[in-house]
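# Breakdown of the fold
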Amino acid sequence: MNNRPTSRLRRAVAVIAGLAAASVALSGCLYAMIPEQADPQPSVTNAPDTDGVAEDLMPFYGQTLTWTECGTGFDCTDVTAPLDWENPGEGDITLSVVRHQATGTAQGSLLTNPGGPGASGVELIRDSLDFAVGADLIENYDVIGFDPRGVGESTAVTCFDAADMDDYLYTIPEAKRGSAEWEAELLEAHQEFADACEANSDGILPYITTINAARDMDLIRAVLGDTELNYLGYSYGTFLGATYASLYPEKAGRLVLDGAIDPAVSGLEVGATQALGFESALRAYMQDCLDSGECPFNGSVDEAMTDLGALLASVDASPLQNGDGRMLGADALMTGIIAALYSADSWSYLTQAFDEALQGDPTTAFVLADFYNGRENGSYLDNSSEAFRAYNCMDYPVEDDPAAEAATEAEITEGAPTIAPYWNGPDSCSVWPYPPTGTRGEITAEGAGPILVVGTTNDPATPYQWSESLAKQLEEGVLITRVGEGHTGYNKGNVCVDDAVEAFLLDDVVPETDVRCE
C-alpha cells in the first residue's frame, strides 16, 4: 500500500477511454461494416535503426523481427523491451505489434494508439483498420498497431477473473451513498482489486508508466527500421505521443494528436473538466432526443435533465434486475450513459436504454455499461480496466489538498448537477501497491518540429480546452478544430479535418495557421 491520501474524486482520471469507446459498434456491428482487406503483401523485415544507441540497449534495439501472418492483410510480431529502462539488464517484457503493409508504395511506418490508457492498439488496427485511419494513409503507410506494456497481448497487467471483475464493477454497496460506511465498502473493494493486480502481474506494476511506454515506442520505431517516428494518437494516445516528443525530439517525425489530454492539468482538474464535459454532451444529447419526437422525456432540456436525475435517483434507491441476475444501480447506469456519449452515433442506444429503464428494464443500459467495460457474454474481452488503473495510479501524482478537493466538488455540483451525485468517491489509487512516479506539467517538445493537435468542440472525454492548451504548449503546435459532438475528430466524416491531417502525414504540409472546421 502506498499510503496515498484518500481523495473523494473517484471518477477523476477514470473516464479517459480510447477511440474504441467512440465506435458506433456496441455489439460488433462496426466490424461488419469494414470491407475485407486485400491479399497480404509479402512480409518485409527491415534492418533496425541503431544509430546512437547505448551499448546496454543494443540487445533490444538491434533485434531482428520475425513476422507471421495474423489475418488477411496483416502480419504480427513480438518486440522484446526492457522491463526497467533505467536498468535494462534486469528483465524484459514482450510488446505485441501488428502491421498492415501499405497497399501502395510505403513511405514508412505510421504508429497508432487508440487511447485508454489500456486500449489495445493491436485490436484497433487488426479489427478496425478503416475506422482508425483513412484510405490514403492505408495506401501510403505501413500502419502499425501495438499493445503498450501492461496491455492486451503484450506482457499484461492481470488482476481479477471474470466473476471477481463482475463483483468489482457491478456490485452495489450496501451502505448509503456518501456515508463513511459507503466509502469504506468501496475502499475495501479497491484494496482487493489492487492486491489481486499485485499478486497476478508478475512484478510489472511499478514499470507501467507512460514514460516507459514512450520509450517502448521508440524501440518499436527503431526495430521497424524507421529513423523517425510518424504517429497518430487518439485520446490518452496524445499524452503518449507528446511524452515521446519531449523525450526524443530529434526522432519525432510527423505527429498527430487527436482528442488531446492536457499534460499540465492535475487529477482533480481532470475530474472536474470531464464531469462538465459529459454534462454538456448529455444536454446536447437531450436536445437531440427531444427534437426527435421519440424521446422518453418531455418538456425543455432543463426539465428533461431533472427527470433524468430522478431516474438515476430511483435506480440508486431501487436497482433494476437484469435477465442474468445482475442489478443495475446508478453507477452502472452512469457508466452506460458515459459510454454512449462518446459518439453521437450511439445516442439512439441511449434513448433505448432510458426508455427501457423507465419501464423497469435494464437490458440496454447493461449493454452500454458492458461495452464500456469490455464485457461480453459474461467474459471480459481485454484487460483494459486493469491496465487503465495501473497507468493512472503511476502517472498521476498524489494530491492532498482538502480545500482544493472541496472547491472541485463544488464546481462539479454546480456545473454538472445531473452527473455530480455519481461522480465522486474514494480514490482507488490510494490503495495501489506503489506510489506514483509521474509528474504533471506543460510539454513543449522543443526541437520536435510541427505537431498537429486535433480537438472537437463538444468532446466530453477530452474537452476541447485541453486540445487548445496542448497546442499552445508545444513549441510548434498547430490546432485543428472540429466543430461538433463526440470524441476525437479525424476520420469522422469532416473533410476539412481529414484533409489537414492527411496532407500533413502524407506530404508534410503544415497549416500556416490554426484551422477551424465547421
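Please refer to the structure higher up on the page.
Throughout what follows, the structure given in this document is the object of discussion.

Following both chains from N to C, one finds helix α10 (residues 301-317) and helix α11 (residues 330-341) inclined at 140°, their axes separated by 8 Å at the closest point. Between α10 and α11, the angle falls in the class oblique. Contact residues: Leu-311, Leu-312, Val-315 and Asp-316 in α10; Ala-330, Leu-333, Met-334 and Ile-337 in α11. Per-class residue counts for the contact of α10 with α11 are seven nonpolar, no polar and one charged.

Following the criterion strictly, the structure yields five disulfides and no others. The partner cysteine of Cys-159 in its disulfide is Cys-197, sulfur to sulfur 1.9 Å. As the torsion about the S-S bond is roughly 105°, the Cys-159-Cys-197 disulfide counts as right-handed. Remark: Cys-197 occurs in helix α6 (residues 180-200) and Cys-159 occurs in the loop between β5 (142-146) and α5 (162-170); sequence separation between them is 38 residues. Residues Cys-159 and Cys-197 agree in their burial class; the two are buried. At a sulfur-sulfur separation of 2.0 Å, the disulfide partner of Cys-393 is Cys-429. Its torsion about the S-S bond being -90°, the disulfide of Cys-393 and Cys-429 is classed as left-handed. Residue Cys-393 is found in helix α14 (residues 384-395), and its partner Cys-429 is found in the loop between α15 (402-415) and β12 (451-458); the two are separated by 36 residues along the sequence. Pair check on accessibility: Cys-393 and Cys-429 agree, each one buried. Here the disulfide map of the protein reads 1-2, 3-4, 5-6, 7-8, 9-10, the bonded cysteines being numbered as they appear in the sequence.

This brings us to the packing of helix α7 (residues 210-223) against helix α8 (residues 236-247). The description of two packed helices rests on the angle between their axes and on the distance between the axes. Orientation of α7 relative to α8, taken along the N-to-C sense of each, is 70°, at an axis distance of 9 Å. Relative to α8, the element α7 is oriented roughly perpendicular. Here Thr-210, Ile-211, Ala-213, Ala-214, Arg-215, Met-217, Asp-218 and Arg-221 of α7 come into contact with α8, specifically with Tyr-236, Phe-239, Leu-240, Gly-241, Thr-243, Tyr-244 and Leu-247. Grouping the constituent residues of the contact of α7 with α8 by class yields nine nonpolar, three polar and three charged.

If you look at the biggest cluster of nonpolar residues, it comprises 120 residues, and the most contacted ones within it are Leu-111, Tyr-285, Met-286, Ile-337, Leu-341, Leu-350 and Trp-432. When residues of this core are assigned to their parent elements, the largest contribution, 11 residues, is made by helix α9 (residues 267-292). With sequence-adjacent residues up to four places away left out, Leu-350 is seen in contact with Leu-282, Tyr-285, Ile-337, Ala-340, Leu-341 and Leu-368. Counting residues in hydrophobic clusters, the runner-up holds 30 residues, among them Val-98, Val-133, Val-478 and Phe-504.

With 12 residues, helix α3 (residues 121-132) should reach 16 Å at 1.5 Å per residue; the first-to-last C-alpha distance of 10 Å falls well below that figure. Where α3 is concerned, the buried positions are Gly-121, Val-122, Leu-124, Ile-125, Ser-128, Leu-129, Phe-131 and Ala-132. Taking the backbone nitrogen of Val-122 as reference, a side-chain oxygen 3.4 Å away marks Ser-120 as the first, capping residue of α3.

The side chains of a regular strand alternate between both faces of the sheet. Of all eight residues that make up β12, seven are buried, and the element is covered over most of its length. Strand direction decides the pairing type here: β12 and strand β13 (residues 477-485), joined by seven bridges, are parallel. Residue pairing in the sheet places Ile-451 in a bridge with Gly-477 of β13. Between β12 and its parallel partner β13, the chain crosses via helix α16 (residues 464-473), and the hand of that crossover is right-handed.

This paragraph deals with the sheet that holds β12. Across the sheet, 10 strands lie side by side as β1-β2-β3-β5-β4-β6-β7-β12-β13-β14; this open sheet has mixed pairing. Looking at which strands have only one partner, the edges of the open sheet turn out to be β1 (68-69) and β14 (515-517). Looking at chain direction, strand β7 (residues 252-258) and β12 are connected through four bridges and run parallel. Counterpart to Asp-258 in the pairing with β12 is Val-454.

Close approach of charged atoms allows side chains with opposite charge to pair. Evaluation of the coordinates by the stated rule reveals 16 salt bridges. The residue Asp-49 makes a salt bridge to Arg-221 at a minimum N-O spacing of 2.8 Å. Note that Asp-49 is positioned in the loop between α1 (29-33) and α2 (58-61) and Arg-221 in helix α7, a separation of 172 residues in sequence. As far as the burial class goes, Asp-49 and Arg-221 line up, both buried. With a shortest N-O distance of 2.8 Å, Arg-326 and Asp-324 are connected by a salt bridge. Take Arg-326: its relative accessible area is 12%, and that puts it in the buried class. Here the salt bridges share partners, and the residues they tie into one network are Asp-166, Asp-324, Arg-326, Asp-370 and Arg-375.

Each value, and the rule that gives it
Residues numbered from 1 in each chain as written. Predicted model: local features only at pLDDT ≥ 70, side-chain atom pairs only at ≥ 80, totals over all residues. Heavy atoms only, no water. Axes fitted to C-alpha atoms, helices over the stretch in contact; angles between N-to-C directions. Helix = DSSP H or I, 4+ residues; strand = E, 2+ residues; numbered from the N terminus. Parallel < 35°, antiparallel > 145°, perpendicular 65-115°, else oblique. Contact = heavy atoms within 4.5 Å. Nonpolar A, V, L, I, M, F, W, Y, C, P; charged D, E, K, R; others polar. Disulfide = S-S within 2.5 Å. Buried < 20%, exposed > 50% of the residue type's maximum accessible area, 1.4 Å probe, protein only. Core = buried A, V, L, I, M, F, W, Y, C linked by side-chain atoms within 4.5 Å. Expected span 1.5 Å × (residues − 1). Polar contact = N/O pair within 3.5 Å; in protein donor to acceptor, adjacent residues only side chain to side chain. Pairing = 2+ DSSP bridges. Right-handed = clockwise from strand over helix to strand, strands pointing away. Salt bridge = Lys/Arg side-chain N within 4 Å of Asp/Glu carboxyl O.

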